[in-house]
Amino acid sequence: MHLDLSELSQLAPIFRELFKGYHISRRDPELYAQLSNCQDQYRTLFKALGFELVCDTRGFYYFVPDNATAQVNKTAQRLALFTFILVEHLADQGRDPIAVLDGGSLGRDELPSLLEKYRDLFVQAEVTTQDELEEKIMRRMTQLGFALEEPGLFRFLPPMHRFLDVCLSVQQDRDMAASLHSVLPLPTPVIVDEDSDEKLLETDDPLDLSEFDEGQEESEEDALARAIADEQQEMDA
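These numbers were taken from a predicted model, which means no experiment stands behind them. Along each chain, residues carry numbers from 1 onward, in the same order as the chain's sequence is written. In view of the model being predicted, local features appear only for residues whose pLDDT reaches at least 70, and side-chain atom pairs are presented and counted only at 80 or more, with totals across whole chains, interfaces and linings using the full set of residues. Side-chain measures were taken over the full set of non-hydrogen atoms in the model, leaving aside hydrogen atoms and water.

1. Here we look at the sheet that holds strand 5 (residues 147-150)
Pairing between strands requires that DSSP locate at least two bridges from one strand to the other. Counting from the N terminus, the helices are DSSP H or I runs at least four residues long and the strands are E runs at least two residues long. Spatial ordering of the open sheet is given by 4-6-5, a layout of 3 strands whose pairing is antiparallel. The open sheet terminates on both sides in strands that have one partner only, identified here as strand 4 (105-107) and strand 5. On average, each strand axis in the sheet is inclined to that of its neighbour by 20 degrees, with strand direction left out of account. Summarising the sheet, strand 4 and strand 6 (residues 153-156) pair through 3 bridges and their orientation is antiparallel. Whenever a helix is involved, its axis is fitted only over the stretch in contact; in every case the axis is a line through C-alpha atoms, and angles between N-to-C directions fall within 0 to 180 degrees.

Take a look at the structure:
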């Protein structure tokens, strides 16, 4: 395919945002429109640079390296864990988690009770105060295109479906395990050494779901699901 770079008028801002882990959605009208109109050209160009442009049919773009498997950093782990907590919290309140996380909102005044209710899980994510919850989780969500901050609330954007997919995967695994446990003995859990290859990255760099280890076969969704499941198993124990 012949690329006419003059047609890609938003190339610089699009690459800058995607490279730092940002998810471009309809809240970024100029960038989103250009990606939609020139999707094949951008995909070809980014592939030549070693990146895979992903277009999620639910209305957002992001990219990951070509021919690689994800490793989860601390920011991604926190956001995934927070989504899992929020899904359970909303369900306990009789609210539809998917409706809230797909364009709905969470009031800032709900954060203190959420923090108190799930304090043990938040502590494992190094979040102990409301200020840390807003700084390490809510603000990172807005910086990476998962949410939009409005007066008194945080409104969730379509890219939240990436974490929702992980939460649904974890819940399905838990349901299956519970079903199997009723008819079959479950195998003894294997304790993974902290220095093993499966240890999560300990970094506060911008969310980069595209950090990879050679030879690792785990998908980014599986890695995030594993991180949440590990946290939940520690709590259950």
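2. What to know about the pairing of strand 6
Regular strands show a simple pattern: their side chains alternate between the two faces of the sheet. Where strand 5 lies against strand 6, 4 bridges are found, and the strand directions are antiparallel. The residue bridging L148 from the neighbouring strand is R155, located in strand 6. Taking the residues between adjacent antiparallel strands as the criterion, strand 5 and strand 6 are bridged by 2 residues, where G152 takes a positive phi near 80 degrees.

3. Points about the packing of aromatic side chains
Centres within 6.5 Å are what make two rings of Phe, Tyr or Trp a pair, Trp counting through its six-membered ring; a difference in plane orientation under 30 degrees is then read as stacked, over 60 as edge-to-face, and the rest as tilted. Enumeration over the complete set of coordinates arrives at 12 aromatic pairs. Ring plane angle 20 degrees and centroid distance 5.6 Å describe the contact between F15 and F19, whose orientation is recorded as stacked. Within this pair, F15 and its partner F19 are both found in helix 1 (residues 11-19), separated by 4 residues, close to a single helical turn. A 1.4 Å probe rolled over the protein chains alone gives each residue an accessible area, and that area as a share of the maximum for its type sets the label: buried under 20%, exposed over 50%, partly exposed in between. With relative accessibility at 53%, the residue F19 sits in the exposed group. Plain terms: the ring middles of F19 and F51 are 5.9 Å apart, the flat faces sit at 80 degrees to each other, and that makes the pair edge-to-face. Taken together, the residues span a long stretch of sequence, with F19 in helix 1 and F51 in strand 2 (residues 51-56) at a distance of 32 residues. With a relative accessible area of 17%, F51 lands in the buried category.

4. Notes on helix 4 (residues 74-92)
Multiplying 1.5 Å by the helix residue count minus one yields the expected span of that helix. Between its terminal C-alpha atoms helix 4 stretches 27 Å, which fits the 27 Å expected from 19 residues at 1.5 Å a residue. In terms of burial, helix 4 is a largely internal element, 15 of the 19 residues being buried. A positive backbone phi angle near 80 degrees is found at G94, which sits one or two residues after helix 4.

5. Description of the confidence of the model for the protein chain
Per-residue confidence from the predictor is reported as pLDDT, which spans 0 to 100. Overall, the prediction assigns the protein chain a mean pLDDT of 79, with 68% of residues at 70 or greater. For this analysis, residues touch if any pair of their heavy atoms sits within 4.5 Å. Per-residue pLDDT stays below 50 along residues 66-71; that stretch engages in 27 contacts with residues further than four places along the chain or on separate chains. Taken as a whole, residues 186-206 scores under 50 in pLDDT and shows 30 contacts with residues more than four places along the chain or in a different chain.

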